[in-house]
Amino acid sequence: DGRTVQFYSVEIAPFTTQVYPNLGLAHLVGYNGTAPGATFYVPKGTETIIRYLNNGEQSAAVHLHGSYTHSVWDGWASDEMQVGQWKDYYYPNSESARAIWYHDHADGHTASDAYYGQAGVYIIYDPAEDALGLPSGKYDVPLALSDKIYQSNGDLAAPSNNPINFFGDTIEVNGQPWPYMAVEPRKYRLRFVDMSLSRPYNLYFADPSGNWIPFQVIASDSGLFGGPVSTNDLTISMGERYEVVIDFSSYAGKNITLGNNMQQTQITEYTNTDKVMRFVVGNTVSDSSNNGAVPSTLNGNIQWPAARTTVDHTFNFQMGGESTWTINGVDFSDANNRILARPPQGTVELWELHHTGGPAVHPVHIHLVNMQVISRTGGSRGVLPYEAAGLKDVVLLEPGETVRVLAFYGPWNGVYMFHCHNLVHEDNTMMDAFNTT
Ligand code: C2O
Ligand code: CU
Ligand code: CU
């Protein structure tokens, strides 16, 4: 009947790998023996069925973050595969083209599972976008950011049980600490995903003299913007995706640093977390196609939600007891009370998100939703131009801030999670649910 279905199988299993030369092996638990897992490239509208077999060390649930997925395959935290079990997850991939990601969502140990490798990039692409001439093929590169701590024997140190934050002292890109990437002196499309447990970044590109290089942001969580947004720096928090076009053509033979300028009082500063990776720019361009100016119109099809001024729900992201976090005082383990909204499917609601105190930041993620960030008050920054340029599924809430979003629910019924994407907060119950009816 014209449908195309692709089948994949993915094993969750422990493996070891040498991250640091001359040191011992690091013990990881990833997808098919890599961490992060392999990047999926799926044409829009091609359905996928992925069989996950859990041969890992504890229970697992898999969530495809940024997708419209029926609730039975959405990775509900307690819908877990025990060790030795498998589950087939079905994805329609009917969303607009976008870079999304898949990661563990198991109840109470999502953070450590993501830390040890259960996360990966998943790209839905639309051949209709080829006409835009954006950098493609080897010039289109997903870059997954995370932060880890290594012991002197080369193995990872476990994330602590501190429920406030986990900050590694080593920034990794695609599982490699402070890597180099050989690039050509031309334009690249880089797709950033922040897979860190607690660390947001403020990214910049710097030339060898330390001058920041302007670049264009072309897409976020839900795909291409209407048009590119020029900037010198990019704030990306846990769970968010931003795609940029950077032009290395003036830097042949030079090294360009991708740095992190995030200044936050609660981040215990470590040496080197200001550096992310380096691009080693060569002298020749092997393929000059798709190297022109980024078109001023990228996407005329953004499904902006209908305007609404009545606040449907107000959610307070706050401390619970000594070491727990809640949304409106309700903890995910409170199964009788954790459904905090019952929106009709396919409708739009205005949600107001409040940060109620303390230094920790809360990137708020809503499943099954594309949202428009309407306002940010109480702090100093307002809505950033690249936050307003497309639809999102995560929005960062910093101390003192109130953010309003128009949440546009996907077309299915069911119970879905929403939560803080500081995975340490999420595991310590800063997660609740809504039921589309
Ligand atoms: Cu990326 Cu519910 O998570
Ligand atoms: Cu999600
Ligand atoms: Cu939080």
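In this text, all values refer to a predicted model and were calculated from it rather than measured experimentally. (Residues numbered from 1 in each chain as written. Chains lettered and ligands numbered in written order. Predicted model: local features only at pLDDT ≥ 70, side-chain atom pairs only at ≥ 80, totals over all residues. Heavy atoms only, no water.)

S.K.: Pulling in residues and values, what's your account of the coordination of the copper ion (ligand 2)?
M.R.: The coordination sphere of the copper ion (ligand 2), as far as protein atoms go, consists of His-63 (NE2) and His-365 (NE2), spread over 1.9 Å. In this pair, His-63 is assigned in strand β5 (residues 62–65) and His-365 in strand β25 (residues 362–366), connecting sequence segments 302 residues apart. With respect to burial, His-63 and His-365 carry one shared label: buried. (Donors = N, O, S within 2.8 Å, 3.2 Å for Na, K, Ca; no water. Helix = DSSP H or I, 4+ residues; strand = E, 2+ residues; numbered from the N terminus. Buried < 20%, exposed > 50% of the residue type's maximum accessible area, 1.4 Å probe, protein only.)

S.K.: Explain the packing of aromatic side chains to me, and be specific about the residues and the numbers.
M.R.: Per the counting criterion, the structure on display carries 28 aromatic pairs. Ring centres of Tyr-139 and Tyr-188 lie 5.3 Å apart, and the angle between their planes is 80 degrees; on these two criteria the pair is classed as edge-to-face. Taken as a pair, Tyr-139 in the loop between β8 (119–125) and β9 (140–148) and Tyr-188 in strand β13 (residues 187–194) lie far apart in primary sequence, 49 residues in all. Tyr-188 shares its class with Tyr-139; the two are buried. Grouped by ring-pair contacts, the aromatic residues Tyr-8, Tyr-31, Phe-40, Tyr-52, Tyr-89, Tyr-91, Tyr-102 and Tyr-122 constitute a single cluster. The lysine or arginine in question, Lys-148, covers the ring of Tyr-115, its NZ or CZ lying 5.6 Å from the ring centre. In this arrangement the basic side chain of Arg-186 is found over the ring face of Tyr-139, its NZ or CZ atom lying 3.7 Å from the centre. (Phe/Tyr/Trp six-rings, centres within 6.5 Å; stacked < 30°, edge-to-face > 60°. Lys NZ or Arg CZ within 6 Å of the ring centre and 35° of its normal.)

S.K.: Can you tell me about the sheet that holds β25, naming the residues and giving the values?
M.R.: Strand order in the open sheet formed by five strands is β23-β30-β29-β25-β27, with mixed pairing between adjacent strands. Only two strands of the sheet have a single neighbouring strand rather than two, namely β23 (339–341) and β27 (394–397). This sheet shows a mean twist of 30 degrees between the axes of neighbouring strands, independent of strand direction. Across four bridges, the pairing between β25 and β27 is antiparallel. Paired with His-365 across the bridge in β27 is Val-394. (Pairing = 2+ DSSP bridges. Axes fitted to C-alpha atoms, helices over the stretch in contact; angles between N-to-C directions.)

S.K.: Break down the coordination of the copper ion (ligand 3) for me, with residues and values.
M.R.: The copper ion (ligand 3) binds to the protein through His-362 (ND1), Cys-420 (SG) and His-425 (ND1); the donor distances cover 2.0 to 2.1 Å. In terms of primary sequence, the donors binding the copper ion (ligand 3) are separated according to H-x57-C-x4-H. Of this pair, His-362 sits in strand β25 while Cys-420 sits in strand β29 (residues 414–420), and the two are 58 residues apart along the sequence. Judged on exposure class, the residue His-362 and its partner Cys-420 are both buried.

S.K.: I'd love a proper account of the nonpolar core, names of residues and values included.
M.R.: With 35 residues, the main nonpolar core has Tyr-188, Leu-190, Phe-192, Phe-205, Val-217 and Phe-279 as its most contacted residues. When residues of this core are assigned to their parent elements, the largest contribution, four residues, is made by strand β20 (residues 275–281). Lining this core are residues from two domains, each supplying at least three of them: domain 2 (132–281) and domain 3 (313–436). When residues no more than four places from it in sequence are discounted, the contact partners of Leu-190 are Val-141, Leu-143, Phe-205, Tyr-242, Glu-243, Val-244, Ile-246 and Phe-279. Counting 29 residues, the second-largest nonpolar core is a separate cluster that includes Tyr-68, Val-330, Val-369 and Ala-407. (Core = buried A, V, L, I, M, F, W, Y, C linked by side-chain atoms within 4.5 Å. Domains from an automatic or database assignment. Contact = heavy atoms within 4.5 Å.)

S.K.: Requested: an account of the side chain of Asn-422, with residues and values cited.
M.R.: Following the sequence through the fold, Asn-422 ends up in the loop between β29 and α3 (423–427). Within the structure, the side chain of Asn-422 is placed 3.5 Å from the backbone oxygen of Ile-164, a separation counted as a polar contact. A distance of 3.0 Å separates the side chain of Asn-422 from the backbone nitrogen of Val-424, its partner in a polar contact. Residues contacting Asn-422, with those up to four places away along its chain left out, are Ile-164, Asn-165, Leu-197, Ser-198, Met-238, Val-361 and Pro-363. (Polar contact = N/O pair within 3.5 Å; in protein donor to acceptor, adjacent residues only side chain to side chain.)

S.K.: Describe the environment of Asn-211, and please don't skip the residues or the numbers.
M.R.: Among the structural elements, Asn-211 can be located in the loop between β14 (201–206) and β15 (215–220). Spatially, the C-alpha atom of Asn-211 lies 50 Å from that of Arg-342, the residues being 131 residues apart in sequence. Aside from chain neighbours lying at most four places away, what touches Asn-211 is Phe-205 and Ala-206.

S.K.: Outline the side chain of Arg-338, supporting the account with residue identities and numerical values.
M.R.: Secondary-structure assignment places Arg-338 in the loop between β22 (325–327) and β23. Asp-107 provides the closest opposite charge to the buried, unpaired Arg-338, separated from it by 6.1 Å. Among residues more than four places away in sequence, those in contact with Arg-338 are Trp-76, Val-330, Asp-331, Phe-332, Asp-432 and Ala-433. (Lys, Arg positive; Asp, Glu negative; His and termini not counted. Salt bridge = Lys/Arg side-chain N within 4 Å of Asp/Glu carboxyl O.)

S.K.: Pulling in residues and values, what's your account of unusual backbone geometry?
M.R.: A cis amide bond links Ala-35 with the next residue in sequence, Pro-36, at an omega value of -5 degrees. Its location among the elements puts Pro-36 in the loop between β2 (26–31) and β3 (37–43). For Asn-22, which is not glycine, the phi dihedral falls at a positive 70 degrees. Mapped onto the secondary structure, Asn-22 falls in the loop between β1 (5–17) and β2. You will see that Thr-429, though not glycine, has its phi angle at about 80 degrees, which is positive.

S.K.: Can you lay out the sheet that holds β2 for me, pointing to particular residues and giving the numbers?
M.R.: With respect to topology, four strands assemble into an open sheet ordered β2-β1-β4-β6, the strand pairing being mixed. Two strands bound the open sheet, and with one partner strand each, they are β2 and β6 (86–91). For this sheet, the mean inter-axis angle between neighbouring strands, taken without regard to orientation, is 20 degrees. The pairing of strand β4 (residues 47–54) with β6 spans six bridges and is antiparallel. Among the inter-strand pairings, Thr-48 is bridged to a residue of β6, identified as Tyr-91.

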